[in-house]
Amino acid sequence: MTTTPFHALVVLDMAGTTVSDGGLVESAFTAAAERLGVRPGSPEHSAQLAHVRATMGESKISVFRHLYGEEERARRANAAFEEAYARLVGGGSVTEVPGARECVERLRAEGRTVVLTTGFARPTQDLLLDVLGWQALADLTLCPADAGGRGRPYPDLVLAALLRTHAVDSVARVAVAGDTAYDMRQGVRAGAGVVAGVRTGAHEEPALRAAGATAVLGSVAELPALLRAVEEREAAA
């Protein structure tokens with residue numbers, strides 16, 4: 001008889017964690033800011049770009065609300081960002097983080113439900129999935145709009161994954177993995193039993209641990225082994 005793993009729901013970030021986009025976020029932001037009259041290389045642009053870097057992992061519309069204040073202006077900036085990012089993705093810069101597909105396949109083969117999440121809007125998430133051929137890779141994909149509109153660092157995406165999949169009966173049985181402090185805060189706030197940071201994206205290990213990471217991995221490819229080790233340790237306790 002097959003035993004369901006304890007951490008039976010795994011919520012994975014996309015860009016920086018399972019997907020490598022070659023820094024397209026910064027390029028797309030620069031294009032969006034320029035459309036709103038912010039000249040590349042100007043002090044205003046440099047300050048805004050520093051905020052974008054510091055908040056990697058946060059919902060993009062939230063970032064633009066902080067930068068531009070007015071809702072209408074923030075939405076224009078977000079739309080321009082999504083358009084620029086989609087155009088750049090079409091240029092072929094997007095690849096999987098080495099071992100990411102195999103990781104998801106292995107997790108699912110072990111009886112775990114896998115959900116891919118993002119701070120991008122649904123059209124951009126779908127484009128990434130199409131480019132990578134990942135439409136059927138995970139059990140579910142979620143963007144902020146699927147969870148009521150709030151992205152990271154709110155716990156909503158993780159909780160929406162639990163509610164939609166019915167994969168586990170407790171948040172303690174959820175594992176979260178991501179490359180930013182915002183991913184870590186999201187997992188901690190959701191009550192996830194495992195909150196794993198990966199060193200393939202925006203934030204370094206000290207920032208990941210300060211935000212609550214229970215483990216920091218070289219890449220998401222190491223996640224299946226981590227979960228098995230955690231479960232074996234807990235079973236022996």
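The structure presented is a predicted model; accordingly, all values stated were derived computationally and were not measured. (Residues numbered from 1 in each chain as written. Predicted model: local features only at pLDDT ≥ 70, side-chain atom pairs only at ≥ 80, totals over all residues. Heavy atoms only, no water.)

Enquirer: Where do I start with the overall build of the chain in this structure?
Expert: When you go through the chain residue by residue, the secondary structure sums to 10 helices and eight strands. Computed over its C-alpha atoms, the radius of gyration of the chain comes to 18 Å, within 12% of the 18 Å expected for a compact globule of 237 residues. Referenced to the eigenvectors of the C-alpha coordinate spread, the extents of the chain come out at roughly 60 × 35 × 30 Å. Among the 237 residues that make up the chain, the fraction classed as buried is 53%. Contacts spanning at least 24 positions in sequence make up 65% of the contacts within the chain whose residues lie at least 6 apart. About 10100 Å² of surface is accessible on the chain, with carbon and sulfur atoms providing 52% of the total. (Helix = DSSP H or I, 4+ residues; strand = E, 2+ residues; numbered from the N terminus. Rg over C-alpha atoms; globule rule 2.2 N^0.38 Å. Buried < 20%, exposed > 50% of the residue type's maximum accessible area, 1.4 Å probe, protein only. Contact = heavy atoms within 4.5 Å. Areas by Shrake-Rupley, 256 points an atom, 1.4 Å probe, with all protein chains shown as cover.)

Enquirer: Before we go on, may I ask you to explain helix H3 (residues 60-68) in this structure?
Expert: Because an α-helix completes one turn every 3.6 residues, residues spaced three or four positions apart along the sequence face the same direction. Residues of H3 that are buried include every one of Lys60, Ile61, Val63, Phe64, Leu67 and Tyr68, and no others. One side of H3 carries all its buried residues, which in axial view fall inside an arc of 155 degrees. Buried residues belonging to H3 abut helix H1 (24-35), helix H2 (43-54) and helix H4 (71-89). Just downstream of H3 lies Gly69, where phi reads positive at about 75 degrees. (Arc of directions from axis to C-beta.)

Enquirer: Any chance you could explain the packing of H4 against helix H6 (residues 122-132) here in plain terms?
Expert: When two helices pack together, their arrangement is given by the angle between the helix axes and by the axis-to-axis distance. Direction vectors running N to C along H4 and H6 enclose 5 degrees, while the axes themselves pass 10 Å from each other. What the angle tells us is that H4 and H6 run roughly parallel. Residues Glu82, Tyr85, Ala86 and Val89 of H4 pack against Thr124, Leu127, Leu128 and Val131 of H6. A per-class count over the contact of H4 with H6 returns six nonpolar, one polar and one charged. (Axes fitted to C-alpha atoms, helices over the stretch in contact; angles between N-to-C directions. Parallel < 35°, antiparallel > 145°, perpendicular 65-115°, else oblique. Nonpolar A, V, L, I, M, F, W, Y, C, P; charged D, E, K, R; others polar.)

Enquirer: Sorry, what's going on with the pairing of strand E7 (residues 194-198) here?
Expert: Within a regular strand, the side chains alternate between the two sheet faces. Of all five residues in E7, five are buried, a share of seventy percent or more. As paired elements, strand E6 (residues 174-178) and E7 share four bridges and run parallel to each other. Each bridged residue has a counterpart across the sheet, and for Gly178 the counterpart in E7 is Gly197. By the bridge criterion, three bridges tie E7 to strand E8 (residues 215-217) in an arrangement that is parallel. (Pairing = 2+ DSSP bridges.)

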